[in-house]
Amino acid sequence: MTSSNNNLYNLKVLPGTRDHHGFFIQETTYKMAGMTASGWAHICLDSAACYYVSPDSFLEVSVGGEDFIGE
């Protein structure tokens, strides 16, 4: 994934997902903003609400209209 394509990646998180601080995050659709070198996914709800979460927390990912179901 390149930074120019990040806005094409939408995802939902599993119920009970926590951010890197241990706080629960809202169960809704987020945009993928990138990945850190340590393996955290950087996801954003809007320009003011972004979180670092484990990539194992993804429920569903869509790319431009195609849906990919996670396990």
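The residue numbering used here restarts from 1 in each chain and proceeds along that chain's sequence as written. Only residues with pLDDT of at least 70 are given local features in this predicted model, and only at 80 or more are side-chain atom pairs given and counted; all residues enter the totals for whole chains, interfaces and linings. Side-chain figures throughout are based on the complete set of non-hydrogen atoms in the structure, without hydrogens or water.

A. View of the nonpolar core. By size, the foremost hydrophobic cluster in this structure holds nine residues: Leu-11, Val-13, Ile-25, Tyr-30, Met-32, Ala-41, Ile-43, Val-53 and Phe-58. A contact between two residues is defined here by any heavy atoms of the two lying within 4.5 Å. Once residues within four sequence positions are removed from consideration, Ala-41 is found in contact with Met-32, Gly-34, Met-35, Tyr-51, Tyr-52, Val-53, Pro-55 and Phe-58. By nonpolar core is meant a set of buried Ala, Val, Leu, Ile, Met, Phe, Trp, Tyr and Cys residues that side-chain atoms within 4.5 Å join together. Note on exposure labels: buried denotes an accessible area under 20% of the residue type's maximum, exposed denotes more than 50%, and partly exposed covers the range between, all computed with a 1.4 Å probe on protein chains only.

B. The environment of Met-32, seen in detail. Strands are runs of DSSP state E lasting at least 2 residues, helices are runs of H or I lasting at least 4, and numbering of each runs from the N terminus. Among the structural elements, Met-32 can be located in strand E2 (residues 29–35). Residue Met-32 is classed as buried on the basis of its relative accessible area, which comes to 10%.

C. Fine view of the side chain of Thr-17. Among the secondary structure elements, Thr-17 is positioned in the loop between strand E1 (9–13) and E2. Any pair of nitrogen or oxygen atoms within 3.5 Å is treated as a polar contact; in protein, a donor-acceptor pairing is required on top of that, and neighbouring residues in sequence qualify only through side-chain atoms on both sides. Side-chain polar atoms of Thr-17 contact the backbone oxygen of Leu-14, separated by 2.5 Å.

D. Representation of the state of the cysteines in the model. Here, a disulfide means two cysteine sulfur atoms that sit within 2.5 Å of each other. Counted according to the given criterion, the structure contains one disulfide. A sulfur-sulfur distance of 2.0 Å marks the disulfide that ties Cys-44 to Cys-50. Where Cys-44 bonds to Cys-50 through sulfur, the torsion about that S-S bond is close to 105°, and the disulfide is right-handed. According to the relative accessible area criterion, Cys-50 is partly exposed, its value standing at 33%.

E. Region of the structure containing the packing of aromatic side chains. Any Phe, Tyr or Trp ring, taking Trp's six-membered ring, that has another such ring centre within 6.5 Å forms a pair; planes under 30 degrees apart are called stacked, those over 60 apart edge-to-face, and the others tilted. Considering all chains together, one arrives at one aromatic pair under this definition. Seen in terms of ring centroids, Tyr-30 and Tyr-51 are 6.0 Å apart; in terms of plane orientation they differ by 85°. Their pairing is edge-to-face. With Tyr-30 in strand E2 and Tyr-51 in strand E4 (residues 50–53), the pair connects residues that are 21 residues apart, well separated along the chain. Relative accessible area serves as the criterion here: at 23%, Tyr-51 is assigned to the partly exposed category. Counted as over-ring charges are cases with an Arg CZ or a Lys NZ within 6 Å of the ring centre that also lie within 35 degrees of the ring normal. Against the face of Phe-24 rests Arg-18, its NZ or CZ located 3.9 Å from the ring centre.

F. Local environment of the confidence of the model for the protein chain. Per-residue pLDDT for the protein chain averages 81, and the proportion of residues at 70 or more is 72%. Every residue carries a pLDDT, the predictor's confidence in it, which falls somewhere between 0 and 100. For the protein chain, strand E6 (residues 66–69) is the element with the lowest average pLDDT, namely 47, and E4 is the one with the highest, namely 97. Confidence over residues 1–6 falls short of pLDDT 50; this stretch has seven contacts with residues more than four positions distant or in other chains. Residue range residues 67–71 is modelled with pLDDT below 50. Its contacts to residues more than four positions away, or to other chains, number nine contacts.

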